[in-house]
Amino acid sequence: MKKQHLSKKEVEHVAWLAHIELSDEEKTLFTEQFNEILEYFKKIDETNTQNVEPTYNVLDLTNVSRKDETKPSLPTKEALRNAPKKEKKFFKAPRIV
Amino acid sequence: MVNAKHLNSTDKNNVTEMSTKNQNEVRIGLEVHVQLTSLKTKLFCGCSSDYKGKDPNSLVCPVCLGIPGALPVLNANSVDYAVMVALALNSKVSECMFFFRKNYYYPDMPKNFQISQYDQAGGVPLAVGGFLVIDVGTKRKKVRIGRVHLEEDPGRLVHQGAIDTSPYTLVDYNRSGIALLEIVTEPDLDSPKEARIFLQKLRSILEHLGIFAGRLEGSIRCDANISLTGGTRVEVKNISSFKEVERALSFEIMRQKNLVKKGLSVKHETRHWDESRRVTISLRMKEKEHDYRYFPEPDLVPITITEDFVENVKEKMPELPEARISRFVDAYGLPQYDAEVLVSDKALADFFECTVKLYDKPKEVSNWMMGDLLRNLNENNLVLTDCKITPEHLVEMIKLIEEGVISGKIGKRVLPEMVLTGKQPSLIIKEKGLVKISSRDALEGIVEQVFSEHPSCVEDALADENAVHFLVGQLMRATKGKADPQLANQLIHEKLESLKK
Ligand SMILES: [Zn+2]
C-alpha cells in the first residue's frame, strides 16, 4: 500500500461524527479506500496555483436572489412521505446527545 | 449618569475599555441569534416565515427539507436587514460575502449541514468588528462585536422530558431555514447582569430597525461562552430568551466557582441550559471547530455589497434608540432616566409618543407609564403589546383626574383594570362606583362617624396638628379613597374647630 493519508483512527472519528457504526472489517476497508481516493486526488497538487485566486464558486455569477414573496409549501402528508419514522405530524429521530 | 445627548455611538470618551481586569473575574461572550421576523419568507425558500403556533411540518418545501436536488435562492430583503443591523452595531460591511456549509449530523438540520457564513478558510461573513455601548449603573461600557452573519435556523426538536433522557426526538422543520442573524460579541461582559443589559439594548435597536419583533417567543436566543479569569471556557447553549440569560449564566458561574473551590478543574465543553430544571448539563459533544468541515456552499453564488447599496440602506435607517433618547429629553423635556426606560422597549416609547400627541403633558404621561403602568405590567408578567390599554384610554383617565371626577388615588385603581380588560376608564369608574365624592352633604355624615369611632384620636388632633392626618386617613378609608382629598381635609378641620369652641 502507498503512503497513508488517513489513519484508521481518523476513519473512526469521521464515522463518529456521522453517527455511523462501523465493523472492524469496514474500518479497515474504508481506510484503504479513502487512502486510494486521496492518493488519486493528489494529482491536483501537481498543478501550479501560485498566482491563481481561490475559486469559491465555479459560476461566473454574483447576487442571485429572489423577492421576499411566499410560495405554497408542501402538504404535511407529502412532506412526511419518505420519512422512515414519523409520529403524528413530526419526523421521528433517535436522540443524539 | 452621563448625558447620552453628548455621546453619539462613535464617541469613545467616558467609555471603559476592556483592558483593565481584576483577578478572578468572569468573562462572558455571547453568540446571539436573532430571527429576522419581518421577512415574509425563509432565508432560502418561499415558505412562509410565520411558523409560530402552526401545525408541525406544515411550512416546509424541498429546499428547507433538504431534499436532494433542491436549490436554495437567497431572500433579497435579508441582506438589506442584515446590513442595517451591521451599521447599527458599527460593524464593517464586507464588499463581497460568501455562504459556507457547516457540516454536522443532527436531526435539526435535514441536509446534514447548515448554510451559514464563516470568517476563516477564505470565508467572508456579512460584517466584521463593531461595538455596542451599554449603560451599567452609572458606567458606560463598550462591548466589542466580533462579526455579524446570516445563516439559517435549524428545525425545532421536541423531546420527551429532558434532552439527555428522552427516548427519541420529534422534529418539526417549520423553523428550518428561517433567516437568522448571528451576532457574536468579544468576551467583554463581566456579569450575567451586563449580558442581560446588552441583550435588552440590542433588542431595542433591532425593534427600532423594524426587522424584528422581540415579543415573539424564540425570536432572540443565545449561546454564551463563560470562563473565570485564567480558567477554561465553557459554552452554554439553548438560552431561549433574554429573561433566561441571567439565570443560565449565574448558574454556570456558580458551577465553575464551586469546581475551583473544590480544587477540581473546569472542563472545556459544551453544556445545555435546561430551562425547566434550571441547570446546565453536559452535552458530551466531542465536535471541535474543524469537525464542522466548513466549505463554500456551491449552490449559492457570492453576494457583492456595493458602497451605493450600503449608502442606500443608511438613508433608509430609522431613528435608533440613542437618538430617540436624546430627542425625548430635548423635545419632551423628560429626564434622561425616563427617556432611557421608555426607549428600552420600542412598544413603550411608541405608546408614550402616541399618548403625548393626544395630551401635551409629557412628564405627566411619563410618570403614569414609568410608575403604575410598568409596575402593573411587571406584576402580571405582561408586555405592553399584549395588553388592551390604549393611549386614548390613558389620556381619558388623566383628564378625569384633572377635571376632578376621580382622585389620583382612584386613578391608581382604574389603571390596572384598563391594563387587564382594555375597558374605557369612564366605564370602569361607573361600573365600580369610583366617582369622587365632592359634596359636603355626602361627606359630613361620614365625618361624624369617624369622630365618634375614634374619640381618643380626636383628643390628640385637638392638641396636635400632626394627628389630624390620621382622621383624614380614616375618612378616606371609609369612602374607599373616593372622598375629594381637599374637601376631606377641610371638613375634618372645620369639625375640629367647632369642637374647640
Ligand atoms: Zn421551504
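Residues numbered from 1 in each chain as written. Chains lettered and ligands numbered in written order. Predicted model: local features only at pLDDT ≥ 70, side-chain atom pairs only at ≥ 80, totals over all residues.

Quick notes on the overall build of chain B
Thinking step 1. Along chain B, the regular secondary structure elements total 15 helices and 19 strands.
Thinking step 2. When contacts within chain B are restricted to residue pairs at least 6 apart in sequence, long-range pairs at least 24 apart make up 70% of them. (Helix = DSSP H or I, 4+ residues; strand = E, 2+ residues; numbered from the N terminus. Contact = placed C-beta atoms within 7 Å.)

A short note on the overall build of chain A
Thinking step 1. The number of helices and strands found in chain A is 3 helices and 3 strands.
Thinking step 2. Taken from N to C terminus, the helices and strands of chain A fall in the order α-α-β-α-β-β.
Thinking step 3. Taken over the C-alpha trace, chain A has a radius of gyration of 22 Å; the compact-globule value for 97 residues is 13 Å, which it surpasses by more than 25%.
Thinking step 4. Once the C-alpha set of chain A is aligned to its principal axes, its extents read approximately 50 × 45 × 20 Å. (Rg over C-alpha atoms; globule rule 2.2 N^0.38 Å.)

Here we look at the confidence of the model for chain B
Residue and element names in this part refer to chain B.
Thinking step 1. Of the residues in chain B, 95% reach a pLDDT of 70 or more, and the chain-wide mean stands at 88.
Thinking step 2. A low-confidence stretch, residues 1-14 stays under pLDDT 50, and its non-local contacts, those more than four residues away or across chains, total 18 contacts.
Thinking step 3. Taken together, the stretch residues 16-23 has pLDDT below 50 and engages in 8 contacts with residues farther than four places along the chain or on a different chain.
Thinking step 4. At the level of chain-chain contacts, confidence expressed as ipTM amounts to 0.90, with global pTM at 0.82. (pLDDT = per-residue confidence, 0-100.)

Notes on the sheet that holds strand S18 (residues 295-296) of chain B
Residues and elements named next belong to chain B.
Thinking step 1. The 3 strands are arranged S7-S6-S18 in an open sheet whose pairing can be described as antiparallel. In this open sheet, the two strands that pair with only one neighbour each are strand S7 (113-116) and S18.
Thinking step 2. Sheet topology note: the strand S6 (residues 100-103)/S18 ladder contains 2 bridges and is antiparallel. The residue of S18 that forms the bridge with Phe 100 is Pro 296. (Pairing = 2+ DSSP bridges.)

A closer look at the pairing of strand S16 (residues 270-274) of chain B
All names here are of chain B.
Thinking step 1. Both strand S15 (residues 234-239) and S16 contribute to a ladder of 3 bridges, which runs parallel. Directly across from Val 236, in S16, lies its bridge partner Arg 271.
Thinking step 2. The handedness of the S15 to S16 crossover, carried by helix H3 (residues 242-261), is left-handed.
Thinking step 3. Note that S16 and strand S17 (residues 279-282) share 4 bridges and pair antiparallel. Residue pairing for S17: Trp 273 is matched across the bridge by Thr 280.
Thinking step 4. In this structure, the hairpin formed by S16 and S17 is closed by a connection of 4 residues, where Arg 278 is found at a positive phi of approximately 55°. (Right-handed = clockwise from strand over helix to strand, strands pointing away.)

Points about the environment of Ser 166 of chain B
Thinking step 1. By secondary structure assignment, the location of Ser 166 of chain B is in the loop between strand S11 (156-159) and strand S12 (168-172).
Thinking step 2. Aside from chain neighbours lying at most four places away, what touches Ser 166 of chain B is Arg 95 of chain A together with His 159, Gln 160 and Gly 161 of chain B.

Examining the nonpolar core
One broad rule of soluble globular proteins: the nonpolar side chains tend to lie buried together.
Residues and elements named next belong to chain B.
Thinking step 1. Within the largest apolar cluster, 87 residues are counted, with the highest numbers of intra-cluster contacts made by Ala 82, Val 85, Ala 86, Val 148 and Phe 198.
Thinking step 2. Top contributing element to this core by residue count: helix H1 (residues 76-88), with 9 residues.
Thinking step 3. With 31 residues, the next largest nonpolar core counts Ile 325, Val 414, Val 419 and Leu 434 among its residues. (Core = buried A, V, L, I, M, F, W, Y, C linked by C-beta atoms within 7 Å. Buried ≥ 20, exposed ≤ 12 C-beta atoms within 10 Å, placed from the backbone.)

Let's talk about the packing of helix H2 (residues 192-208) of chain B against H3 of chain B
All names here are of chain B.
Thinking step 1. At a closest axis distance of 8 Å, the pairing of H2 and H3 adopts a crossing angle of 160°. As judged from the angle between their axes, H2 and H3 are roughly antiparallel. The crossing of H2 and H3 is right-handed. Packed against H2, whose contacting residues are Pro 192, Lys 193, Ala 195, Arg 196, Leu 199, Gln 200 and Arg 203, the element H3 presents Phe 242, Val 245, Glu 246, Leu 249 and Ser 250 at the interface.
Thinking step 2. Across the contact of H2 with H3, the residue classes tally to 6 nonpolar, 2 polar and 4 charged. (Axes fitted to C-alpha atoms, helices over the stretch in contact; angles between N-to-C directions. Parallel < 35°, antiparallel > 145°, perpendicular 65-115°, else oblique. Left-handed = near helix turned anticlockwise from the far one by under 90°. Nonpolar A, V, L, I, M, F, W, Y, C, P; charged D, E, K, R; others polar.)

Quick look at the domain arrangement of chain B
Residue and element names in this part refer to chain B.
Thinking step 1. Partitioning chain B into domains gives domain 1 (4-18 + 32-224), domain 2 (319-432) and domain 3 (440-500).
Thinking step 2. On a C-alpha basis, the centres of domain 1 and domain 2 stand 32 Å from each other.
Thinking step 3. Across the contact, 10 residues belong to domain 1 and 14 residues belong to domain 2.
Thinking step 4. Sort the elements by how many residues they give to the side of domain 1 that touches domain 2 and H2 lands first, with 5 residues.
Thinking step 5. For the side of domain 1 that touches domain 2, the per-class residue count stands at 3 nonpolar, 4 polar and 3 charged. (Domains from an automatic or database assignment.)

Some details on the packing of helix H12 (residues 440-453) of chain B against helix H14 (residues 468-478) of chain B
Relative orientation and spacing of two packed helices are given, respectively, by the angle between their axes and the distance between those axes.
Residues and elements named next belong to chain B.
Thinking step 1. Running from N to C, H12 and H14 cross one another at 125°; their axes reach a closest spacing of 10 Å. Relative to H14, the element H12 is oriented oblique. Crossing handedness for the pair H12 and H14: right-handed. Side by side, H12 and H14 meet where Ile 446, Val 447, Gln 449 and Val 450 of the first sit next to Leu 471, Gln 474, Leu 475 and Ala 478 of the second.
Thinking step 2. Taken together, the residues of the contact of H12 with H14 break down into 6 nonpolar, 2 polar and no charged.

Overview of the sheet that holds strand S2 (residues 86-87) of chain A
Thinking step 1. Strand order in this open sheet of 4 strands is S2(A)-S3(A)-S12(B)-S11(B), and the pairing throughout is antiparallel. Strands at the two margins of the open sheet, each flanked by one partner only, are S2 of chain A together with S11 of chain B.
Thinking step 2. Summarising the sheet, S11 of chain B and S12 of chain B pair through 4 bridges and their orientation is antiparallel. Note on S12 of chain B: the bridge partner recorded for Val 158 of chain B is Leu 170 of chain B.

Quick notes on the interface of chain B and chain A
Thinking step 1. At the junction of the two partners, chain B supplies 43 residues and chain A supplies 33 residues.
Thinking step 2. Those elements that place two or more of their residues in the side of chain B that touches chain A are strand S3 (74-75), H1, S12 and strand S19 (303-304) of chain B.
Thinking step 3. In terms of residue count, S12 of chain B provides more of the side of chain B that touches chain A than any other element does, 5 residues in total.
Thinking step 4. Here the residues of the side of chain B that touches chain A are counted per class, giving 26 nonpolar, 11 polar and 6 charged.
Thinking step 5. Taken together, the 4 bridges between strand S3 (residues 90-94) of chain A and S12 of chain B define a ladder with antiparallel strand orientation. Residue Lys 92 of chain A lies in a different strand from S12 of chain B, and its bridge partner there is Leu 170 of chain B.

As for the pairing of strand S13 (residues 179-185) of chain B
Residues and elements named next belong to chain B.
Thinking step 1. A large share of S13 lies buried, amounting to 6 of its 7 residues.
Thinking step 2. Sheet topology places strand S2 (residues 26-35) next to S13; 5 bridges connect them, and they run antiparallel. Across the sheet, residue Val 34 finds its bridge partner in S13, namely Leu 181.
Thinking step 3. Pairing geometry for strand S10 (residues 139-152) and S13, over 7 bridges, is antiparallel. Residue pairing in the sheet places Glu 151 in a bridge with Leu 180 of S13.

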